[in-house]
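Summary of structural features
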Amino acid sequence: MSLSNFFTCLIVYLYLMQLAKISLSPQHIKLVTNAGWILTKNEILLHIKKAFEELYNWQQLTIQSRALPADVLKPGGKISRGENYLGLPWIVLDNPRHFIKGNIFAVRTLFWWGRFFSTTLHLSGLWQQKAGQQLLNAFEILQKEPLKICYSGDEWVHDINNSSYLPIESIDRERFETIIKEAPFIKIAIQTSINNIENAIEILMQQFEFIVTIIGDGS
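A brief report on the enclosed structure follows. (Residues numbered from 1 in each chain as written. Predicted model: local features only at pLDDT ≥ 70, side-chain atom pairs only at ≥ 80, totals over all residues. Heavy atoms only, no water.)

The next point concerns the packing of aromatic side chains. Applying the stated criterion to the full structure yields eight aromatic pairs. Arranged with centres 5.9 Å apart and planes meeting at 50°, the rings of Phe99 and Trp156 form a pair that is tilted. Of this pair, Phe99 sits in strand β2 (residues 88–100) while Trp156 sits in the loop between β5 (148–150) and β6 (166–167), placing them 57 residues apart in sequence. Judged by relative accessible area, Phe99 falls into the partly exposed class, the value being 33%. Judged by its relative accessible area of 40%, Trp156 is partly exposed. Considering the side-chain rings of Phe105 and Trp127, the 5.9 Å spacing of their centres and the 85° angle between planes classify their relative orientation as edge-to-face. Here the residue Phe105 occupies a position in strand β3 (residues 103–112), and Trp127 occupies one in helix α5 (residues 125–137), the gap between them amounting to 22 residues. For Trp127, a relative accessible area of 7% translates into the label buried. By way of ring pairs, the aromatic residues Tyr85, Trp112 and Phe116 are connected into one cluster. One Lys or Arg, Arg115, reaches over the ring of Trp112 and ends 5.6 Å from the middle of that ring. (Phe/Tyr/Trp six-rings, centres within 6.5 Å; stacked < 30°, edge-to-face > 60°. Helix = DSSP H or I, 4+ residues; strand = E, 2+ residues; numbered from the N terminus. Buried < 20%, exposed > 50% of the residue type's maximum accessible area, 1.4 Å probe, protein only. Lys NZ or Arg CZ within 6 Å of the ring centre and 35° of its normal.)

Moving on to helix α8 (residues 200–215). With 16 residues, α8 should reach 22 Å at 1.5 Å per residue; the first-to-last C-alpha distance of 23 Å fits that figure. Those residues of α8 not exposed but buried are Ala200, Leu204, Gln207, Phe208, Ile211, Val212, Ile214 and Ile215. All buried residues of α8 lie within an arc of 160° about the axis, which places them on one face of the element. (Expected span 1.5 Å × (residues − 1). Arc of directions from axis to C-beta.)

Moving on: the environment of Leu88. Secondary-structure assignment places Leu88 in strand β2. Residue classification places Leu88 among the buried positions, given a relative accessible area of 18%.

What follows deals with the pairing of β3. The buried fraction of β3 is high, at nine of 10 residues. As judged from the nine bridges shared by β2 and β3, these two strands associate in the antiparallel manner. Residue Ile91 lies in a different strand from β3, and its bridge partner there is Phe111. Counting the residues in the hairpin turn of β2 and β3 gives two residues, including Gly102, whose phi is positive at 90°. Examined bridge by bridge, β3 and strand β4 (residues 116–124) share eight bridges and lie antiparallel to one another. Along β4, the bridge assignment pairs Leu110 with Ser118. Here β3 folds back onto β4 in antiparallel fashion, the turn holding three residues, of which Gly114 has a positive phi close to 75°. (Pairing = 2+ DSSP bridges.)

Okay, the pairing of strand β7 (residues 185–193) next. In terms of burial, β7 is largely enclosed, as seven of its nine residues are buried. Across nine bridges, the pairing between β4 and β7 is antiparallel. What sits directly across from Leu123, in β7, is Ile186. By the bridge criterion, three bridges tie β5 to β7 in an arrangement that is antiparallel.

A word on the packing of α5 against helix α7 (residues 173–182). Two elements in contact, α5 and α7, have axes separated by 10 Å at closest approach and are oriented at 165°. Taken together, the axes of α5 and α7 are roughly antiparallel relative to one another. The handedness of the crossing between α5 and α7 comes out as right-handed. Within the contact between the two elements, α5 uses Gln128, Gly132, Leu135 and Leu136 and α7 uses Arg173, Phe176, Glu177, Ile179 and Ile180. Tallied by class, the residues present in the contact of α5 with α7 amount to five nonpolar, two polar and two charged. (Axes fitted to C-alpha atoms, helices over the stretch in contact; angles between N-to-C directions. Parallel < 35°, antiparallel > 145°, perpendicular 65-115°, else oblique. Left-handed = near helix turned anticlockwise from the far one by under 90°. Contact = heavy atoms within 4.5 Å. Nonpolar A, V, L, I, M, F, W, Y, C, P; charged D, E, K, R; others polar.)

In structure tokens form, the structure reads like this:
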């Protein structure tokens, strides 16, 4: 090998070695060498999933006592889990879950690691029209609760603290009616802090019952 080729190979080798180096902070190294915290995280998520299964059973009993449309109940509920919604693990219970493009009727219960628990009513198209009058009739009740509404932008933003969610108490009745009638979709959401995790299922039950009671008659 010529001297020039040797130095070329050496430079390439040193460059690749630099690229391959994993640079971690002392805190990162402490975490990556400790499997226990990942196992604990998985155990926590398993506990929450089981709690959501119990919540689903309770929701089914609640749905049976409300006049929800038979079509939206056909798919049945579903629990999903993921590791990366904006970088954080999540668990979702969709019940009802009538997700047909342009005609959505769903109630989504969400656990988002480090952020919050939430319950969200998601309507569009036919179901938005059908439930619209019930929502208008309940406007004063909705304003008294810490609810937020999303009706524009990305329909699949689940971060209730995103700027696309507005407090319903900040919207007057005329604007609310316009949103119900003209927006491409509506999402009405309420959250509770992760700090309330010991009472979260009871709170989520109350949130779910509040929502389905409002839209249950005549939807």
